[in-house]
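Inside the fold
Each chain is listed here by its residues.
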Amino acid sequence: MLLILGALPSKGQAVADSISSDRYVLYYICDDIEIDENYLDNAYQIFRIKDILARSPQIDSITVYAYASPEGPFLRNKWLAEKRALAAREFILKNLPKNSVLKPENIHLRPMGENWEGLESELEANYHLANRNAVMNIIHAHIPTENKKWRLKNLDNGYTFNYIIRNHMPKLRLATWVCMYISPDRPVRVEFKEPELEFPKRIDAALPVQTPEYSEQKTILALKSNLLYDLFTLVNYSIEVPFAKNLSALYYHQFPWWRWGEGNNKYCIRFLSIGAEARWWFKPMPTTKYGRKRDKLMGHFLGAYAESGKWDFEWAREFCRQGEHWSAGLSYGYARPLGKYFNLEFSLSFGYASIPYRKYAPSSDYTILWRDVENHGTYNYIGPTKAQISLVWPITITTKKKGGAR
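This section reports on the structure supplied with the text. (Residues numbered from 1 in each chain as written. Predicted model: local features only at pLDDT ≥ 70, side-chain atom pairs only at ≥ 80, totals over all residues. Heavy atoms only, no water.)

Our next topic: the overall build of the protein chain. From N to C terminus, the protein chain includes eight helices and 13 strands. Residue pairs at least 24 apart in sequence account for 69% of intrachain contacts in the protein chain once pairs closer than 6 positions are excluded. Accessible surface, the protein chain as shown: approximately 21,400 Å² in total, 59% of it carbon and sulfur. (Helix = DSSP H or I, 4+ residues; strand = E, 2+ residues; numbered from the N terminus. Contact = heavy atoms within 4.5 Å. Areas by Shrake-Rupley, 256 points an atom, 1.4 Å probe, with all protein chains shown as cover.)

Let us look at the pairing of strand β10 (residues 299-315). Across 15 bridges, the pairing between strand β9 (residues 267-281) and β10 is antiparallel. Counted as the bridge partner of Phe271 is Trp311 from β10. Taken together, the 17 bridges between β10 and strand β11 (residues 319-338) define a ladder with antiparallel strand orientation. Residue His300 lies in a different strand from β11, and its bridge partner there is Tyr334. The antiparallel hairpin formed by β10 and β11 contains three residues in its connecting segment, where Ala316 sits at a positive phi of about 50 degrees. (Pairing = 2+ DSSP bridges.)

Looking now at the packing of helix α4 (residues 132-140) against helix α5 (residues 145-153). Geometry of a packed helix pair, given as the angle between the helix axes and the separation of the axes. It is the contact of α4 with α5, at a shortest axis distance of 9 Å, that shows an interaxial angle of 165 degrees. Here α5 runs roughly antiparallel to α4, going by the angle between their axes. α4 and α5 meet at a crossing whose hand is right-handed. Two secondary-structure elements touch here, α4 through Val135, Ile138 and Ile139 and α5 through Lys148, Arg151 and Leu152. (Axes fitted to C-alpha atoms, helices over the stretch in contact; angles between N-to-C directions. Parallel < 35°, antiparallel > 145°, perpendicular 65-115°, else oblique. Left-handed = near helix turned anticlockwise from the far one by under 90°.)

In this section: helix α2 (residues 74-94). An α-helical segment advances 3.6 residues per turn. Residues three or four places apart therefore align on the same side. In a regular helix each residue adds 1.5 Å, so 21 residues correspond to 30 Å; α2 covers 30 Å between its end C-alpha atoms and thus fits that length. Here α2 has its buried residues at Asn77, Leu80, Ala81, Arg84, Ala85, Ala87, Ala88, Phe91 and Ile92. Around the axis of α2, the buried residues are gathered within 165 degrees of arc, so they sit on the same side. When the buried face of α2 is taken as reference, the exposed residues oriented beyond 90 degrees from it are Leu75, Glu90 and Lys94. (Expected span 1.5 Å × (residues − 1). Buried < 20%, exposed > 50% of the residue type's maximum accessible area, 1.4 Å probe, protein only. Arc of directions from axis to C-beta.)

Interhelical geometry of helix α3 (residues 116-126) versus α4 gives an angle of 155 degrees and a closest axis separation of 11 Å. With respect to their mutual orientation, α3 and α4 come out roughly antiparallel. Taken as a pair, α3 and α4 cross one another with a handedness that is left-handed. In this structure, α3 contributes Trp116, Leu119, Glu120, Leu123 and Glu124 to the contact, and α4 contributes Arg132, Val135, Met136, Ile139 and His140. The residue inventory of the contact of α3 with α4, partitioned by class, reads six nonpolar, one polar and three charged. (Nonpolar A, V, L, I, M, F, W, Y, C, P; charged D, E, K, R; others polar.)

Assignment of secondary structure puts Arg55 in helix α1 (residues 42-55). As a C-alpha pair, Arg55 and Pro97 span 42 residues in sequence and 8.2 Å in three-dimensional space.

What follows is about the nonpolar core. If you look at the biggest cluster of nonpolar residues, it comprises 20 residues, and the most contacted ones within it are Ile49, Ile62, Val64, Ile92, Ala175 and Trp177. If you list the elements that add at least two residues to this core, you get α1, β2 (59-68), α2 and β4 (175-182). Core analysis: the second largest hydrophobic core is formed by 14 residues, Leu119, Met136, Ile164 and Leu172 among them. (Core = buried A, V, L, I, M, F, W, Y, C linked by side-chain atoms within 4.5 Å.)

This brings us to the environment of Phe346. Within the secondary structure, Phe346 is located in strand β12 (residues 342-362). A relative accessible area of 34% places Phe346 in the partly exposed class. Sequence-wise, Phe346 and Leu391 are 45 residues apart; in three dimensions their C-alpha atoms are separated by 9.3 Å. Those residues in contact with Phe346, other than ones at most four positions away along the chain, are Phe301, Tyr332, Gly333, Tyr334, Gln388 and Ile389.

Here we come to the packing of aromatic side chains. Taken as a whole, this structure holds 10 aromatic pairs when the rule is applied. When the ring of Trp281 is compared with that of Phe301, the centres are 4.7 Å apart and the planes differ by 45 degrees; the resulting orientation is tilted. Residue Trp281 is found in strand β9, and its partner Phe301 is found in strand β10; the two are separated by 20 residues along the sequence. Phe301 matches Trp281 in its accessibility class, with the two residues each being buried. (Phe/Tyr/Trp six-rings, centres within 6.5 Å; stacked < 30°, edge-to-face > 60°.)

Further remarks concern the pattern of salt bridges. Evaluated as defined, the whole model comprises 13 salt bridges. The closest approach of N and O atoms between Lys149 and Glu114, which form a salt bridge, is 2.7 Å. In this pair, Lys149 sits in helix α5 while Glu114 sits in strand β3 (residues 107-114), placing the two residues 35 residues apart along the sequence. In terms of burial, Lys149 and Glu114 fall into one category: buried. (Salt bridge = Lys/Arg side-chain N within 4 Å of Asp/Glu carboxyl O.)

We now examine the side chain of Ser327. Positionally, Ser327 belongs in strand β11. Looking at Ser327, the relative accessible area reads 6%, which means it is buried. Those residues in contact with Ser327, other than ones at most four positions away along the chain, are Tyr305, Ala306, Glu307, Tyr352, Ala353 and Thr385.

What follows is about unusual backbone geometry. The backbone phi angle of Asp31 is positive, close to 65 degrees, even though this residue is not glycine. Summarising the element assignment, Asp31 is placed in the loop between β1 (2-8) and α1. Look at Asp31 and you get buried, because its relative accessible area is 18%.

Written out as structure tokens, the structure is:
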């Protein structure tokens, strides 16, 4: 989002005495319509914008040109540009000082759809891979933009297009603000006039859409709890750590250790289990609605797990068993956002379980357990072994990335 403020001269006044300008850039997360303060360089720019709005109540009118990066369907990008323009207007109105002369009807919205001009400028300046000529030939071709998009997607089996999405598209999701500014010592009413030059090229020439250093949220681990186990007071937690591009390692621990009745010995639910799982994540789903970006541990996954532990179940004298268990198998699951800070994960595991068991009988006062040496064995099972609906809290850190001049 680029904001240009200029003091307009009154008739007969020298231009050099009154014109001033400043520039601000705010970016949107992929497929998102909210302004996220933690995304790229937004925190610094939002501070500057709020400051200039507070100190300049004479801003008379604003025009917002909003864009989407050309990576998704055209109609979706058109909708994103419209919603981003509306979000920019809400941001302006929310941060206006009480003495501002700006009226809501004087904030003009110009959704521009896909930002192909910005992509051309960005690749001309910053794309330097070996196939640069092939990419620029597609960008400069006199064909419909959907054909350009199709050719980029099919170049090098999609590697080039995915590289452009990761490294260049984030700089194209913006809205451009043009503000008419009335000098406080010369209160002249100025009627808004459209720029004479094609606006995207004019802005790209004045300020390349790039930053010298910007922040990005990176997921380093996730804390989880299986809500199905929680319903039955089976206390549990999991820790998952992503590594490489699509891999993660999960450690989980279940430890309900309850007993009650007749001196805390009549009923018993004890289950101690630890396990680990390696997961392969498919292409992550894009973040929508929520300002906090999820860069890992999202979408569909396949896993291989192994676990072991011990257990003790006693229900008066009707059921009294204790033993051990171990299990191994495969998992399939899916994770999606749940609000701004949490995810919800569903998974189901299939495999083999071996469960050695021993029967016992308690004494009349439940203080002594008598083992039944004739009643013991091992139960073997193949089939569904685990079901999980987990609440997930991703832990992120802010990393810095380099770009061009601010």
